[in-house]
Amino acid sequence: MAARIIDGKAAAQAVLAQVRTAASAFTATKGRPPGLAVVLVGEDPASQVYVRNKSREAEAAGFRSEQHSLAAATTEAALLALVGKLNADPGIDGILVQLPLPKTIDTERVLMAVDPAKDVDGFHPINVGLLGTGATAKALVPCTPAGSLILIESVLGPSLAAKNAVVVGRSNIVGKPIAQLLLQRDATVTIAHSRTADLAAVCRQADVLIAAVGRPEMIRGDWVKDGAVVIDVGINRIPAPEKGEGKTRLVGDVATAEAAERASAITPVPGGVGPMTIALLMANTVAAAHLREGLPRPTFSA
């Protein structure tokens, strides 16, 4: 079986087009654009790239876009003061504090300080609780799981009734929230992890298999059920001596070529889930703006 390759770049562009339309309508209605503030502490090169990409997409969507770049020596008190200022700014609808933060700063304390109504990362316990209780119309859902669900729905439709879903990974950022989203689509969900007995056998039961463990190509082709939909959230850099000395390449948590022989559809790495993460950040910002202003929440799809 030759699996369909799920084009995350095309899906992300579809979502971003809907974001721009929703943002334009919001601006016309409220007399101001949706506002997103991204906070970067330190000079981590990867974080700088992510922040630039997020700011660029926010501007392209017609948002009020703010980037706050702070020195690595910034104190926790100073960062909390900035978060408090952004919380109080009525023109800012979304606040994203880029992780990781310096070790001198209590990451949990900073994330908890973000107004839940502006928590476009979906990490605050209030948003986690809303998602866990099924109140997704009010919740801001973490971007990677939300984007993964849109990719799944692009293949299988909005209902996953009678489907077995296996999530490999139990992180608060991906594993747990995607499990909640799948449950709300009527899937039967198993959360597996590194200590699951006979993990390969568990994976073979999945009609929908989500890999989010951060281990390069851990999930092999013979772990995949014939006809399964495979969503590979992993992004791992491994040596690529065939490209030259010291060169590397990106791979996922799934051995893609092997899995594609059995799956019906699979996300590539790169170009699968990754582009959806920033697209859903923009979608969350527009959603937060509507919720804060008492307007109907827009929905997004691929």
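Preceding this section is the structure that the text describes.
Residues numbered from 1 in each chain as written. Predicted model: local features only at pLDDT ≥ 70, side-chain atom pairs only at ≥ 80, totals over all residues. Heavy atoms only, no water.

Would you take a moment to explain the environment of A197 for this structure?
Secondary-structure assignment places A197 in the loop between β6 (188–192) and α8 (199–203). Sequence-wise, A197 and A3 are 194 residues apart; in three dimensions their C-alpha atoms are separated by 28 Å. (Helix = DSSP H or I, 4+ residues; strand = E, 2+ residues; numbered from the N terminus.)

Help me understand the pairing of strand β5 (residues 164–168), please; the structure alone is not making it clear to me.
One face of the sheet, then the other: side chains in a regular strand alternate in exactly this way. The element β5 is extensively covered by neighbouring structure, given that four of its five residues are classed as buried. Looking at chain direction, β5 and β6 are connected through five bridges and run parallel. Bridge pairing in β6 links V167 to I191. Two elements, β5 and strand β7 (residues 208–211), share four bridges in a ladder whose sense is parallel. Counterpart to V166 in the pairing with β7 is L209. (Buried < 20%, exposed > 50% of the residue type's maximum accessible area, 1.4 Å probe, protein only. Pairing = 2+ DSSP bridges.)

Would you explain the pattern of salt bridges in this entry?
A side chain with one charge can pair with a side chain of the opposite charge if their charged atoms come near. The tally for this structure, following the rule as stated, stands at twelve salt bridges. The shortest N-O distance in the salt bridge between R185 and E153 comes to 2.7 Å. Here R185 is found in the loop between α7 (175–184) and β6, whereas its partner E153 is found in helix α6 (residues 143–156), with 32 residues between them in sequence. A relative accessible area of 23% places E153 in the partly exposed class. Through salt bridges that share partners, K30, R32, D93, R292 and E293 make up one connected network. (Salt bridge = Lys/Arg side-chain N within 4 Å of Asp/Glu carboxyl O.)

So what exactly am I meant to see when it comes to the environment of A240 here?
Here A240 shows up in the loop between β9 (236–239) and β10 (248–251). Each C-alpha atom, one on A240 and one on L250, is 9.2 Å from the other, the two residues being ten residues apart in sequence. Residue contacts for A240: discarding those within four places in its chain leaves K247, T248 and R249. (Contact = heavy atoms within 4.5 Å.)

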